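# Tertiary structure, described
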Amino acid sequence: MNKEKIVFFCNNCGNEHAKWHGQCKYCKEWNSLKEVRKSSIKIKSQIEIADYFKKESIPLRINEINSENLMRLRVNDSEWNRVLGGGLVPGSICLISGEPGIGKSTLLLQISIKFDKRILYVSGEESQQQIKVRSDRIGEELGEVFILSETEIESVFKHIKKINPEIVIIDSIQTLHSKRVEGSPGSVIQIRDCSNELIKYAKSTGSAVILIGHLTKDGNIAGPKVLEHMVDVVISFEGDNNHAYRILRAKKNRFGSTSEIGIYEMSSSGLKEVKNPNEIFLTLNNSKMSGHAIGVSMEGMRPLNLEVQALVGKAVYGTPQRSSNGFNSKRLNMLLAVLEKRAGIQLSNKDVFLNITGGIKSEDPSLDLAVVSAILSSYHDTPINEKICFASEIGLSGELRPVIKLEKRISEAEKLGYEVFVTSNFKKENIKKNRIEILEINKIGGLMAKLFK
Ligand code: TYD
Ligand code: MG
């Protein structure tokens with residue numbers, strides 16, 4: 001009797017192994033190998049789908065290569081263009097990931113409607129009617145948008161050949177499957193094969209492809225990790241489902257910077273660009289409340305004033321609780337240790353809760369000073385003057401460290417009507433005289449003396 005052959009696929013990188021190992025020998029991930037029957041991955045057809053579009057590549061001298069292809073496809077949405085480094089590049093492949101219900105399908109449908117291009121929007125999750133209802137909420141169509149409700153990649157390519165779109169949107173890559181290989185949609189083998197075909201198609205025809213990707217429970221893009229290496233651009237769409245604000249953030253971009261973010265607000269008629277983010281993330285009239293501090297963070301090239309709220313209270317259980325929303329909790333623990341050791345503030349028997357308002361997450365270390373000030377304000381139950389804002393990183397010995405793009409932060413704070421800007425006394429940049437007062441401090445001990453005289 002013919003014994004069926006078993007192979008093992010790594011869920012992380014998608015590589016094949018003949019035997020089971022605890023650790024993948026390619027990507028070194030532990031416990032990621034899954035058993036698959038060899039017959040189920042047999043490639044049924046030797047013709048690769050995207051071969052229909054294949055053009056032969058010939059070596060060229062670098063000065064003979066035309067860079068016009070890098071022209072950007074700009075859409076009437078400045079947040080989207082900014083995150084993509086100026087616009088979508090023809091022939092590129094872009095992956096957008098986000099939690100369910102965050103608004104990925106809405107964003108992409110809205111982008112297709114705003115583009116004056118021929119677009120094929122393939123949905124494996126919704127029917128054409130459902131998409132039409134959504135598009136009616138969003139607005140008027142500028143170009144030619146074709147909606148296809150399909151999950152089979154062979155059939156998608158058949159329509160691509162007929163329509164010849166400039167942009168193809170796949171919603172989502174986890175719902176697509178190919179007849180060439182078996183396995184259910186969303187499995188590593190299917191995702192790897194379908195994305196491979198789409199990448200080959202994009203590179204050989206110059207059409208741009210946008211893939212929507214689901215996230216797993218732990219926040220990674222479902223499917224093989226190699227998917228992120230294969231595509232040109234990886235963008236995450238994040239936010240808090242309880243808030244209306246959404247942030248589009250580039251995580252990888254072969255054609256631009258990854259430091260840019262785009263901010264949207266979910267409204268009853270789709271996502272609206274947020275042009276004045278600094279005004280919306282601040283709670284109005286908090287002058288009488290303790291535990292609030294304004295931090296000036298840089299998100300990409302934009303200064304963003306964020307409100308940090310802290311609550312310090314007596315620990316009710318044996319182990320004090322620390323919880324943080326929008327700010328790295330390990331960093332919060334570090335700042336609490338610095339406060340205890342360098343400023344003599346007893347926090348080991350206190351619960352500390354921290355929140356950045358508006359459902360925003362920030363990784364900018366220059367928020368450290370605002371976090372520490374909010375904690376101190378709550379600890380002493382003394383409000384901080386609402387005209388003061390903060391920007392500085394804090395080191396382990398309690399020293400205030402310089403931040404980048406100080407001048408930009410200061411002028412934004414000035415524009416928003418702040419009167420005092422607290423930062424480190426170590427400046428690399430030459431700050432020109434401003435109306436705003438710049439308060440320079442070198443240690444967090446000095447901060448207490450200045451703020452809570
Ligand atoms: P959706 O784009 O389907 O999310 P995803 O594709 O990421 O799963 O949209 C999610 C939510 O957005 C949905 O719960 C309803 C809401 N929504 C609005 O609030 N306003 C709108 O105009 C639209 C189209 C959706
Ligand atoms: Mg969706």
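Cut-offs applied
- Residues numbered from 1 in each chain as written.
- Chains lettered and ligands numbered in written order.
- Predicted model: local features only at pLDDT ≥ 70, side-chain atom pairs only at ≥ 80, totals over all residues.
- Heavy atoms only, no water.
- Helix = DSSP H or I, 4+ residues; strand = E, 2+ residues; numbered from the N terminus.
- Buried < 20%, exposed > 50% of the residue type's maximum accessible area, 1.4 Å probe, protein only.
- Contact = heavy atoms within 4.5 Å.
- Core = buried A, V, L, I, M, F, W, Y, C linked by side-chain atoms within 4.5 Å.
- Domains from an automatic or database assignment.
- Buried area = accessible area lost by both parts, 1.4 Å probe.
- Salt bridge = Lys/Arg side-chain N within 4 Å of Asp/Glu carboxyl O.
- Polar contact = N/O pair within 3.5 Å; in protein donor to acceptor, adjacent residues only side chain to side chain.
- Nonpolar A, V, L, I, M, F, W, Y, C, P; charged D, E, K, R; others polar.
- Near = heavy atom within 4 Å.
- Areas by Shrake-Rupley, 256 points an atom, 1.4 Å probe, with all protein chains shown as cover.
- Patch = residues over 30% accessible without salt bridge, like charges linked within 9 Å, V, L, I, M, F, W, Y side chains within 5 Å.
- Pairing = 2+ DSSP bridges.
- Phe/Tyr/Trp six-rings, centres within 6.5 Å; stacked < 30°, edge-to-face > 60°.

## Some remarks on the environment of V75
With respect to the helices and strands, V75 occurs in the loop between β3 (33-37) and α1 (78-83). When its relative accessible area of 6% is taken as the criterion, V75 is described as buried. Remark: the alpha-carbon pair of V75 and P100, spanning 25 residues in sequence, is separated by 25 Å. With residues up to four places along the chain from it excluded, the contact list for V75 reads W80, N81, I111, K114 and F115.

## Side note on the nonpolar core
Grouped together as the largest cluster of nonpolar side chains are 46 residues, with contacts concentrated most on L339, I375, F390, V422 and L447. Here this core takes seven residues from helix α9 (residues 368-380), the largest share from any one element. The two domains that each donate at least three residues to this core are domain 2 (74-275) and domain 3 (279-451). Of all hydrophobic cores here, the second largest spans 31 residues; its members include I96, I111, I169 and I212.

## Overview of the domain arrangement of the protein
When the parts come together, some accessible area is lost, and that loss is often what is quoted as the size of the interface. By domain assignment, the protein separates into domain 1 (4-39), domain 2 (74-275) and domain 3 (279-451). Its C-alpha centre places domain 2 at a distance of 37 Å from the equivalent point of domain 3. Domain 2 puts 13 residues into the contact, and the matching count from domain 3 is eleven residues. Both faces considered, domain 2 and domain 3 share a buried interface measuring about 1,100 Å² in area, 56% of it formed by carbon and sulfur atoms. On the surface where domain 2 and domain 3 come into contact, there are two salt bridges. Run the count over domain 2 and domain 3 and you get four residue pairs in polar contact (both at pLDDT 80 or more). Per-class residue counts for the side of domain 2 that touches domain 3 are five nonpolar, three polar and five charged.

## Observations concerning the site of ligand 1
Close to ligand 1 lie 15 residues, the nearest being G101, S105, T106, S267 and G270. Here K104 contributes a backbone N or O atom positioned 2.8 Å from an oxygen atom of ligand 1. Contact distances for ligand 1 include 2.6 Å between an oxygen atom and a side-chain N or O atom of T106. When ligand 1 sits alone it has 560 Å² of accessible area, and the protein chains cover 73% of it. Counting only elements with at least two residues in the shell around ligand 1, the list comes to α2 (104-114), α3 (128-138) and β11 (261-267). Among the residues making up the shell around ligand 1, the classes are represented as three nonpolar, eight polar and four charged.

## Structural notes on a nonpolar patch on the surface
A surface patch of nonpolar side chains, amounting to about 460 Å² of accessible area, comprises I58, L60, I62 and I65. Inspection of the secondary structure puts L60 in the loop between β3 and α1.

## Side note on unusual backbone geometry
Across the chain, the bulk of peptide bonds are trans and the bulk of non-glycine residues have phi less than zero. Here the bond from D171 into S172 is cis, since omega is 0°, no more than 30 degrees from zero. Relative to the elements of secondary structure, S172 occurs in the loop between β7 (167-171) and α5 (188-205). Look at N31: it is not a glycine, yet its phi comes out positive at around 55°. Assignment of secondary structure puts N31 in the loop between β2 (16-17) and β3. You can call N31 exposed: its relative accessible area is 61%. With a phi angle near 50°, D381 is a residue other than glycine that sits in the positive phi range. Following the sequence through the fold, D381 ends up in the loop between α9 and β17 (388-390). Taking relative accessible area as the criterion, D381 reaches 59% and is therefore assigned exposed.

## Considerations on the sheet that holds β2
Through backbone hydrogen bonds, the strands of a sheet pair up, either in parallel or in antiparallel fashion. One open sheet accounts for three strands, arranged β2-β1-β3; its pairing is antiparallel. If you trace the sheet from one side to the other, it starts and ends with β2 and β3, each paired once. Pairing analysis gives two bridges linking strand β1 (residues 6-10) to β2, with the strands arranged antiparallel. Note that in β2 the partner of F8 across the bridge is H17.

## What about the environment of S411?
Positionally, S411 belongs in helix α10 (residues 406-415). The exposure class assigned to S411 is partly exposed, which follows from its relative accessible area of 34%. Taking C-alpha positions, S411 is 45 Å from Y317, a pair spaced 94 residues apart along the chain.

## Some words on the pattern of salt bridges
When the charged atoms of two side chains with opposite charge come close together, those side chains can pair. All told, the structure shown has 22 salt bridges when counted by the stated rule. For E299, the salt bridge is made with R249, and the minimal N-O distance between the two is 3.5 Å. Of the two residues, E299 sits in strand β13 (residues 292-299) while R249 sits in strand β10 (residues 245-253), which places them 50 residues apart along the sequence. In this structure E299 comes out as buried when scored by relative accessible area, which is 5%. Note on R249: relative accessible area 16%, which makes it buried. A network of salt bridges, in which partner residues are shared, links D77, K114, E273 and K275.

## Focus on the packing of aromatic side chains
Per the stated rule, a full pass over the model turns up two aromatic pairs. Taking 5.6 Å as the distance between ring centres and 75° as the angle between the ring planes, the aromatic pair formed by F157 and Y201 counts as edge-to-face. Of this pair, F157 sits in helix α4 (residues 153-163) while Y201 sits in helix α5; the two residues are 44 residues apart in sequence, bridging distant segments of the chain. According to the relative accessible area criterion, F157 is buried, its value standing at 1%. Overall, the relative accessible area of 1% leaves Y201 in the buried class. For the ring pair F237 and Y264, a centre distance of 6.2 Å and an interplane angle of 75° mean the geometry is edge-to-face. Placement of F237 in strand β9 (residues 233-239) and of Y264 in strand β11 is noted, with a sequence separation of 27 residues between them.

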